[in-house]
Amino acid sequence: MNVADTEVIFSILAKAGFERTSTIEDADLIMANTCSIRDNAEQRIWGRLKQFSQQKKARKDVLVGIVGCMAERLKEKLLESGEVDIVAGPDAYRRLPELIAAVKPSSPQIDVLLSRDETYADITPVRTDTNGVSAFISIMRGCNNVCSYCVVPYTRGAERSRDPRTIVREACDVFSKGYKEVTLLGQNVDSYRFGDVTFADLLGMVADVDPSLRVRFSTSHPKDISDEVIAMMASRENICHHIHLPVQSGNNRILEKMRRRYTREWYLERIAAIRRAMPDCGITTDVIAGFCSETEEEHRDTLSLMDEVGFDWAFMFAYSERPGTLAARNYPDDVPPDVKTRRLNEIIDLQNRKSLECYRRDIGRKLRVLVEGPSKRDPSQLCGRAGSSKMCVFPAGGHKPGDYIDVIVRDCTSATLICDLTA
Ligand code: SAH
Ligand code: SF4
């Protein structure tokens, strides 16, 4: 999401006459678009700020801006170091040129107002990816869910959906520029709603842009993912069969305490519904280890759920208390750090085994892959994703980024399918 937002920021700044530099040493304005989701994301930015300060010392007139969630969360506190000139929250990007122009020595500028309707719908993002194959399209902003551990509703404000006509226009625009895949982004895409248009409708509208434009989306919320969305995915060739469905925990008491508003049973039923409609659907998840008061038995419920579902892969995190959230205000962060780490490691070990099993099941299968570019490990090979989102590597064979090709899976690791080209 921050990559997509940064593309909006580039567009706004380009209109105001700014150019992007390729190295920090050439920049008059250095900005970091930040994440607050876990403490270590913020710690990394504090580290980067030291690097920016060196630039300020070395060259006069260099401006430093902190934008995004950390700007929204910390507000004036970011100015205390004296090293930051601009602080702009996620809904203040249109004002960046104005804020930059108004900065004077000892007069930093700040705008952290959240909006009810800003979606940057009319701004054409300046794409920052280099492969020219896959583009992000933001379809909504903010979140109304208030899961007890999560800082997002505080840093990104209330949920609002973007006009579907502007989304379709953006998809047509990237397709006309040669892109072959769009990923529709929102914190909870299933609650997308614009007038009568639901997320299932929107998926259909974007899939209609062209049969050779693949459509992906992220993130689905288990309480909201509907039969209509599943049916729409199953009915269209160019909507990729991959759902990222963050479960967070496999225990009902913890899920309740997290305010996720579904149960283990509900989650497993949604998985079954997805697999009934699309047996080949890639399913991935997010898991939090060591949430407040989690017992050993409750942790084992998470392991048993992961074992039962067999996710393709997962993002796995130790719980990180975020100031101001319901959990931080009401529950002590009482799972000791060493226990949290051990539980997280058990979760990671299990997932690595399950990923390997899942990837191995594809050996011998024929898959359709969209070529993205050279493989990182071996640049003489190409890489690209299957519909399930699994990464494939295969011989170049004269193919180029943006081509659709069929491959046969020969071997795998727990994160990559090693493939041959079909004859
Ligand atoms: N909107 C998405 C998730 C966005 S945040 C959803 O509801 O599924 C991405 C992931 O970060 C979450 O799924 C969760 O696993 C993790 N996360 C969020 N807050 C966290 C916290 N305080 N500590 C650890 N992990 C957290
Ligand atoms: Fe955070 Fe929950 Fe909203 Fe996801 S749905 S962004 S976890 S509050």
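For the structure given in this document, a descriptive report is provided here. Per-chain numbering applies: the sequence of each chain, read as written, is numbered from 1 onward. As a convention, the first chain written is A and the first ligand written is 1, with the rest following in written order. The predicted nature of this model means local features are confined to residues of pLDDT at least 70 and side-chain atom pairs, given and counted, to a pLDDT of 80 or more, with totals for whole chains, interfaces and linings taken over all residues. To obtain the side-chain values, all non-hydrogen atoms of the structure were used and water was disregarded.

### Observations concerning the pattern of salt bridges
Our working rule: Throughout this description, the term salt bridge denotes a Lys or Arg side-chain nitrogen within 4 Å of a carboxyl oxygen of Asp or Glu. The buried label goes to any residue with under 20% of its type's maximum accessible area, the exposed label to any with over 50%, and the partly exposed label to all in between, with areas taken from a 1.4 Å probe on protein chains only.
Counted by the stated rule, this structure contains 41 salt bridges. A salt bridge links Glu 170 to Arg 162; its shortest N-O distance comes to 2.6 Å. When its relative accessible area of 7% is taken as the criterion, Glu 170 is described as buried. Given the relative accessible area of 3%, Arg 162 is considered buried. Here Lys 340 and Asp 333 are joined by a salt bridge, their closest N and O atoms 2.9 Å apart. Given the relative accessible area of 34%, Asp 333 is considered partly exposed. Where salt bridges share partners, they join Asp 5, Asp 91, Arg 141, Arg 156 and Arg 160 into one cluster.

### So, the site of ligand 1
Inclusion rule: Being near a molecule or strand, for a residue, comes down to having at least one heavy atom within 4 Å of it. Two N or O atoms form a polar contact when they lie within 3.5 Å of each other; inside protein one atom must be a possible hydrogen donor and the other a possible acceptor, and for residues adjacent in sequence the pair counts only when both atoms belong to side chains. Areas reported here follow the Shrake-Rupley algorithm with a probe of radius 1.4 Å; residue values treat only the protein chains shown as occluding. Going along the chain from the N terminus, every DSSP run of H or I of four or more residues is numbered as a helix, and every run of E of two or more is numbered as a strand. Polarity classes work like this: nonpolar for Ala, Val, Leu, Ile, Met, Phe, Trp, Tyr, Cys and Pro, charged for Asp, Glu, Lys and Arg, and polar for all others, with Gly in that last group. Segment limits for the domains were obtained from an automatic or database-derived domain assignment.
Neighbouring ligand 1 are 15 residues, the closest being Gln 187, Pro 246, Gln 248, Asp 286 and Ser 320. With respect to ligand 1, the side chain of Gln 248 contributes an N or O atom lying 2.7 Å from an oxygen atom. Burial of ligand 1 by the surrounding chains reaches 91%, relative to a free accessible area of 540 Å². Elements with a contribution of two residues or more to the shell around ligand 1: β13 (282-289) and β14 (314-318). Of the residues contributing to the shell around ligand 1, the split by class is 7 nonpolar, 4 polar and 4 charged. Residues from two domains meet in the shell around ligand 1; each of domain 2 (129-240) and domain 3 (247-261 + 269-361) gives at least three.

### As for the packing of helix α11 (residues 296-309) against helix α13 (residues 337-360)
Applicable threshold: Axis lines are fitted to C-alpha atoms, over the contacting stretch for helices. Their N-to-C directions set the angle, which ranges from 0 to 180 degrees. For classification, angles of less than 35 degrees are called roughly parallel, those exceeding 145 degrees roughly antiparallel, those between 65 and 115 degrees roughly perpendicular, and all remaining angles oblique. Take the far helix as your reference; a near helix turned counterclockwise from it by less than a right angle gives a left-handed crossing, and one turned clockwise gives a right-handed crossing. Residue contacts are counted whenever heavy atoms from the two residues lie within 4.5 Å of one another.
Remark: α11 packs on α13, axes separated minimally by 10 Å, with the N-to-C direction vectors making an angle of 15°. The angle between α11 and α13 falls in the class roughly parallel. Like other packed secondary-structure pairs, α11 and α13 cross with a definite hand, here right-handed. The segment α11 lies against α13, with Glu 296, His 299, Thr 302, Leu 303, Met 306 and Asp 307 engaging Val 339, Arg 342, Arg 343, Glu 346, Ile 347, Leu 350, Gln 351 and Lys 354.

### Considering empty space enclosed by the protein
This is how it is decided: Whether a set of points on the 1 Å grid over the protein atoms alone is a cavity depends on a 1.4 Å probe fitting there but being unable to get out, while an open set qualifies as a pocket with protein on both sides within 12 Å along at least five of seven lines; lining residues are those with an atom within 4 Å of a point. Grid points are joined across faces, edges and corners, and a volume is the space filled by probe spheres set on the points.
Across all of its chains, the model carries 1 cavity of 30 Å³ or more by this definition. By volume, the largest cavity is sized at about 80 Å³. Forming the walls of the largest cavity are 13 residues, and the residues nearest its centre are Ala 4, Val 8, Pro 125, Ser 138 and Arg 162. Those elements giving two or more residues to the lining of the largest cavity turn out to be α1 (2-15) and β5 (134-138).

### Quick notes on the packing of helix α6 (residues 164-176) against helix α7 (residues 199-207)
Between α6 and α7, the least distance of the axes is 9 Å, while the angle of their chain directions is 30°. Overall, the two elements α6 and α7 adopt an arrangement that is roughly parallel. Regarding α6 and α7, the two cross each other, and that crossing is right-handed. Residues Pro 164, Ile 167, Val 168 and Ala 171 of α6 touch α7, and the partners they reach there are Leu 202, Met 205 and Val 206. Residue composition of the contact of α6 with α7, grouped by class: 7 nonpolar, no polar and no charged.

### Side note on the state of the cysteines
Which entries qualify depends on this criterion: The disulfide definition used here is simple: a pair of cysteine sulfur atoms within 2.5 Å.
Counted according to the given criterion, the structure contains 0 disulfides. The structure places no disulfide on Cys 35, whose sulfur is separated from the nearest cysteine sulfur, that of Cys 69, by 6.3 Å. Classification of Cys 35 by relative accessible area gives partly exposed; the value is 32%. Between Cys 392, a free cysteine, and Cys 419, which holds the nearest cysteine sulfur, the sulfur-to-sulfur gap is 4.2 Å.

### As for the sheet that holds strand β1 (residues 29-34)
Adjacent strands of a sheet pair through backbone hydrogen bonds, lying either parallel or antiparallel. Put simply, the test is: In this scheme, strands are said to pair when DSSP sees at least two bridges between them.
Pairing in this open sheet of 4 strands is parallel, and the strands run β1-β2-β3-β4 from one edge to the other. Edge strands, defined here as strands with exactly one partner in the open sheet, are β1 and β4 (109-111). Across the sheet, the mean angle separating the axes of adjacent strands is 10° when strand polarity is ignored. Looking at chain direction, strand β3 (residues 86-88) and β4 are connected through 3 bridges and run parallel. Opposite Val 87, over in β4, you have Ile 110 as the bridge partner. With respect to the sheet, α1 is in contact with β1 and β2 (63-68), its orientation differing from that of β1 by roughly 150°.

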